[in-house]
Structure formats: C-alpha cells, structure tokens
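Observations on the model geometry
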Amino acid sequence: MTGLDWREGEFRRSRPSVETLAWVAASMGRGGRVVDCRRMTGGVSSAVHRLTVERRGVRTHVVLRQYPGGLGLEASLQEEIANLGVVAGSGLPVPTILAADTDGASTGDAPTLLMSRLPGHIDLNPAAPRSWMTRIAELAALLHSLDLPATTFRPWTDSWIAPLDELQVPAGAQNPAVWRAAFEVMAAPPPDDGAVFLHGDFLPVNMLWSRGRITGLLDWNAVHRGSRAIDVGHCRRYLAALYSPEWSEQLRTRYESIAGARLDPWWDLYALLHHDESQPKWISRQVAGRRPVDMADMTSRVEVAVEKALSRIG
C-alpha cells in the first residue's frame, strides 16, 4: 500500500485493532470498556468509527479517526488537532478532542484521534432545500466572521487542484471551450480579496443536521485565511455536481445577502475548477448511498456553474 493508492485499500473498511480499542478504553478513564463499534461511511481519507464506551454504568458515544501507519499521514492528523484547538470555544459546532496518538505508538502504528460525537446526521435529502441552503450560508458567514489565526492560503500550493499548467478539460465536458476560457482566467494573478478564516473543506458531507439545524462541522485539517469565495465556491461546486447548477447559484446569492459581502469571481471560479474527472468517483463514495448520484452528468452540471462564474468576471 502506497501513499498514492491507500484510499483504494481495505484500511478504511477494517475494524480498529484490539490494541486501538484498548487504548480508547484507557483514554476514557479507569474501568472503561468499548462495548460497540460501528464504521461510519462516507470518509475517503481516513477510517472513522463510532464507538460506545461503558464506564461505571454510563455509556458514551465517541468518534475514532485513524490513518494507516508508515505513509507519512501523521501531519494531516496533527493539523486537525491543532485546528480543533483553534476553533474550540468559537461558537462553531465542532467536536472536542478526547485523546490522540499521532504516531500510533499505542494504536498499532495507526495515527489516531479520539473525539466527542456530535448530535445529528449528514442530510443530503433536505425536505426544505431553501431553508437547508440558508442554514449553510449562515454557517459560512459565521465562520468567516471569526478573527482566528491561520496561515495565508496559497492557491497553487495549499490545495489538491492541478498545477496551473496542468489543468485539463475533464472527461464528460459538453463545451470544452468553457473550461479552456476558465483556465485562461486562472493565468492572471489572483486578486487580493482580503483574508477571512476558512474551513477549507466546507462541503455538505462535512455537516451534521438535527431538526433543521446544523449541529456539527467536521474535518478540520485544511484551515487557512483567504478569500471567502474559496469556502463557498467549494460548496457551490459540490451542489452543482450533486444537485444542480441552480442550487449552486442560489447558495452564492444567499451567502452574499447574509454576509453582506460579494464573492470574488476569480476565487469563486478557482474553487469550481477543483472539479476534475476523478470527482464523480470521490463524491459518490462520500455520499455513500445517502441519496442517488448521477455520475454521468456531474461534469456537465459543474460546467454550467463554471460558465456562469465566467460571466461575472469583467
């Protein structure tokens, strides 16, 4: 298993080791024992399980995140731990760190993080889409209003987008000229759009819901300061891919109204261009059966959002 292909292996689907479960029990206090273990679906970069720990007759649900050892993935876990420390007490609905074994010394060489379990579930089938989108826009506006420390985002270094000179029209594109025009826009220096606090992976699959409210914002290993359009643009990309370009556009207008700030079109387009031909596969895995996924037309829907974003660049 290599750093390039480990996500295709069995690690994400394997049960935590006996050594790991003993570490969890000990971390929860003397007399603790793990009485239930359930794999949580949708993750593509780590193995995540919901554990039930019993101690002194009281049962507590916790969340265990692990990476395979020997691949240099400790840094990602260490970043999440540091970032959760930054947002603790911020008013955002984030998990609490209970214990960590970043080098895997007590967890079978698997870098490990133990967190509190937040209430709610991932909701990809909103009964009231307008309200659902409004809550997402409100959370983004709150996040971006926070004066919290983070490194400044660098567009061609701090993300998984292809290098500028390697951007390619994705398979499934209906109008390749739209994508090539967008790549030409990217060749210009990024505008200075101010710098707000960013989540960095602000997607519907990283949000928990209960009774129409967002009760959790997860996956905190990509925090930076940069254009607000990066977070919203990534969410717009996801909405276009999974639902429709209309939903994507509605989020933009909803956010601008709530935040009282315009999304910079260059940075918005930059975020949308993270869609490539691998995205249908990864999005389908993240959705994990929670709703039907139309993979065949995913790129064409994002293309409409890209073309709309291009029209806003003067």
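Here the structure is shown first, and the text comes after it.
We now turn to the structure provided with this report.

**Some thoughts on the pattern of salt bridges**
Here the idea is simple: oppositely charged side chains can pair when their charged atoms come close. Counted according to the given criterion, the structure contains 14 salt bridges. For E249, the salt bridge is made with R236, and the minimal N-O distance between the two is 3.5 Å. On the criterion of sequence distance, the pair formed by E249 in helix α6 (residues 245-259) and R236 in helix α5 (residues 228-242) is long-range, its members being 13 residues apart. A single burial state applies to E249 and to R236, both of which are buried. Residue R301 is joined to D294 by a salt bridge in which the shortest nitrogen-to-oxygen separation is 2.9 Å. Connected through salt bridges with shared partners, the residues R236, E249, R252, E256, D268 and R312 form a single ionic network.

**Notes on the sheet that holds strand β5 (residues 112-116)**
Taking strand neighbours across the sheet as the criterion, the five strands line up as β1-β2-β3-β5-β4 in an open arrangement whose pairing is antiparallel. On the outer flanks of this sheet lie β1 (33-39) and β4 (97-101), each paired with one strand and no other. Here the strands of the sheet are splayed against their neighbours by 25 degrees on average, with no regard to which way each runs. Pairing analysis gives five bridges linking strand β3 (residues 58-66) to β5, with the strands arranged antiparallel. What sits directly across from R65, in β5, is L113. Sitting on the sheet, helix α2 (residues 74-87) touches β3, β4 and β5, and the angle it makes with β5 is about 30 degrees.

**Quick word on the nonpolar core**
The nonpolar side chains of a soluble globular protein tend to be buried, and buried together. If you look at the biggest cluster of nonpolar residues, it comprises 75 residues, and the most contacted ones within it are I136, F202, W220, L269, L273 and V306. The biggest single contributor to this core is α5, with nine residues. Grouped together as the second largest cluster of nonpolar side chains are ten residues, W23, V24, L51 and L114 included.

**Let's talk about the packing of aromatic side chains**
Throughout the structure, instances matching the rule amount to ten aromatic pairs. Where W132 meets W209, the ring centres are 6.0 Å apart and the plane angle is 20 degrees; that geometry is what we call stacked. On the criterion of sequence distance, the pair formed by W132 in helix α3 (residues 129-145) and W209 in strand β7 (residues 207-210) is long-range, its members being 77 residues apart. W209 sits in the buried class, given a relative accessible area of 4%.

Cut-offs used in this document
Residues numbered from 1 in each chain as written. Predicted model: local features only at pLDDT ≥ 70, side-chain atom pairs only at ≥ 80, totals over all residues. Heavy atoms only, no water. Salt bridge = Lys/Arg side-chain N within 4 Å of Asp/Glu carboxyl O. Helix = DSSP H or I, 4+ residues; strand = E, 2+ residues; numbered from the N terminus. Buried < 20%, exposed > 50% of the residue type's maximum accessible area, 1.4 Å probe, protein only. Pairing = 2+ DSSP bridges. Axes fitted to C-alpha atoms, helices over the stretch in contact; angles between N-to-C directions. Contact = heavy atoms within 4.5 Å. Core = buried A, V, L, I, M, F, W, Y, C linked by side-chain atoms within 4.5 Å. Phe/Tyr/Trp six-rings, centres within 6.5 Å; stacked < 30°, edge-to-face > 60°.

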